[in-house]
Amino acid sequence: MRKILIDQVVDGMILANSILSPNGKVLLKAGVELNNSYLKRLKLLGISEIYIEDDISEGINVLDVVSEETRQEAMSIIQNVMISLRNDSGFDTKQVHDIAEKLISELVANRNVMVNLSDIKSLDGYTFAHSVNVCILSIILGIGMGFNMNRIKELGIGAFLHDIGKVLVPMEILCKPSQLVPEEFEVVKKHANYGFEILKKCDNISTISAIVAFGHHERLDGSGYPLKLRGESIHQFTRIVSVADVYDAMTSNRAYRKKLQPHEALEYLTALSNTQFDSAVVAAFKKHVAIYPVGSGVMLNNRQKGIVVKNNQNLPTRPVVRIIYNEYNQKLNDFYEIDLSERLNLFIIGICQL
Ligand SMILES: [Fe+2]
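Residues numbered from 1 in each chain as written. Predicted model: local features only at pLDDT ≥ 70, side-chain atom pairs only at ≥ 80, totals over all residues.

J.: Before we move on, could you go through the packing of helix α4 (residues 126–144) against helix α12 (residues 279–288) and cite the residues and values that matter?
T.: It is the contact of α4 with α12, at a shortest axis distance of 9 Å, that shows an interaxial angle of 100 degrees. Here α4 lies roughly perpendicular to α12, going by the angle between them. Where α4 approaches α12, its residues I140, L141 and G144 are matched on the opposing element by V281, A284, F285, K287 and H288. Classifying every residue of the contact of α4 with α12 by side-chain character gives 5 nonpolar, 2 polar and 1 charged. (Axes fitted to C-alpha atoms, helices over the stretch in contact; angles between N-to-C directions. Helix = DSSP H or I, 4+ residues; strand = E, 2+ residues; numbered from the N terminus. Parallel < 35°, antiparallel > 145°, perpendicular 65-115°, else oblique. Contact = placed C-beta atoms within 7 Å. Nonpolar A, V, L, I, M, F, W, Y, C, P; charged D, E, K, R; others polar.)

Below you can see the structure in the form of structure tokens.
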């Protein structure tokens, strides 16, 4: 399978990964033959890239670090939590503990897999899919940083609930399809305090979750909010969730801006490592998240184009690439694979469409 822009999809292409609705239900199932009406629907959902199966990508499998069922379940749980809170009732904390445990056990089993966040988020379900992704990324960082199981679970629950305060932000601001004006942004910023207030009252949810919700927009150099905290005064779990939060937000489409590619978001985090973000967290992140995810089209410095087949864990910029087009942009009859970890004169110069 390979990833392509929705604008490049033509009738008859085969969808490789199921598309989930905001509450985790399957909207379009993997294997379906795409046609114009499906494409219109995907565009309406704000989906800009999908995975397809075709001859040039045969045998390339993008493995998500968690199963589709677990991802669906997690999205539906966070949606239920948020609906209960909007309706002024409490939420089922046991469900939150259970899903955190399930995610952790799948992620521990896949601990040596470089993360390809292969989920395709629709605009509507952004907050739910985002909460699940931030939770997954934070758990991976916790595992990578050698935390024990209790700490990983506490971190995972904090990450899962980090944006819970958004339930108290008016919907018309939260779902505004354009950039917020400064007064509206001030209202959105309050979600950090709201989250703290909600979570500190919950039995069976650790205070650390409340601290993470409160501080996930703080930055090491004091440029964040709500308290402009600095350095070590920001809890370590909060520093982890901040990195996961920014990465997932930047690689997601929003109504008012297009998403960045993983390598662009990682460059941003690297550039701000030590000033805004904890350098140890950014380093762990780069070890575990694929810069060029499997299925991406890439161009090499010799102008050849191909598809990423496999990542090399300790050399994230040097994956195995299946060459499809030669340096004259002619499609090859026989594709072949090169391992960039062994061909040091070759390197990727950018993402491209094939
Ligand atoms: Fe937030």
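Back to the write-up after that little detour.
J.: Would you mind going over unusual backbone geometry in detail, with residue names and values included?
T.: The amide bond that connects Y225 to the next residue, P226, takes the cis arrangement and shows omega of 10 degrees. A positive phi is found at D88, a non-glycine position, where the angle reads about 70 degrees. Backbone geometry at N204 places phi at a positive 70 degrees, although glycine is not the residue there. Relative to the helices and strands, N204 is located in the loop between α8 (191–200) and α9 (207–215).

J.: Any details on the sheet that holds strand β6 (residues 297–300)? Residues and values, ideally.
T.: Across the sheet, which stays open at both edges, the 5 strands sit in the order β9-β8-β7-β6-β10 with antiparallel pairing between neighbours. Every interior strand has two partners, whereas the edge strands, β9 (331–339) and β10 (348–351), have only one. Neighbouring strand axes in the sheet, compared pairwise and without regard to direction, differ in orientation by 35 degrees on average. Where β6 lies against β10, 3 bridges are found, and the strand directions are antiparallel. In the sheet register, L300 faces β10, and the bridge partner there is I348. (Pairing = 2+ DSSP bridges.)

J.: If you had to explain the nonpolar core to someone new, which residues and values would you point to?
T.: Among the nonpolar cores identified, the biggest contains 86 residues, and L103, I136 and V243 are the most heavily contacted of them. A total of 11 residues in this core trace back to one element, the largest contributor, which is α4. Once residues within four sequence positions are removed from consideration, L103 is found in contact with V66, T70, A74, C135, I136, I139 and G156. (Core = buried A, V, L, I, M, F, W, Y, C linked by C-beta atoms within 7 Å. Buried ≥ 20, exposed ≤ 12 C-beta atoms within 10 Å, placed from the backbone.)

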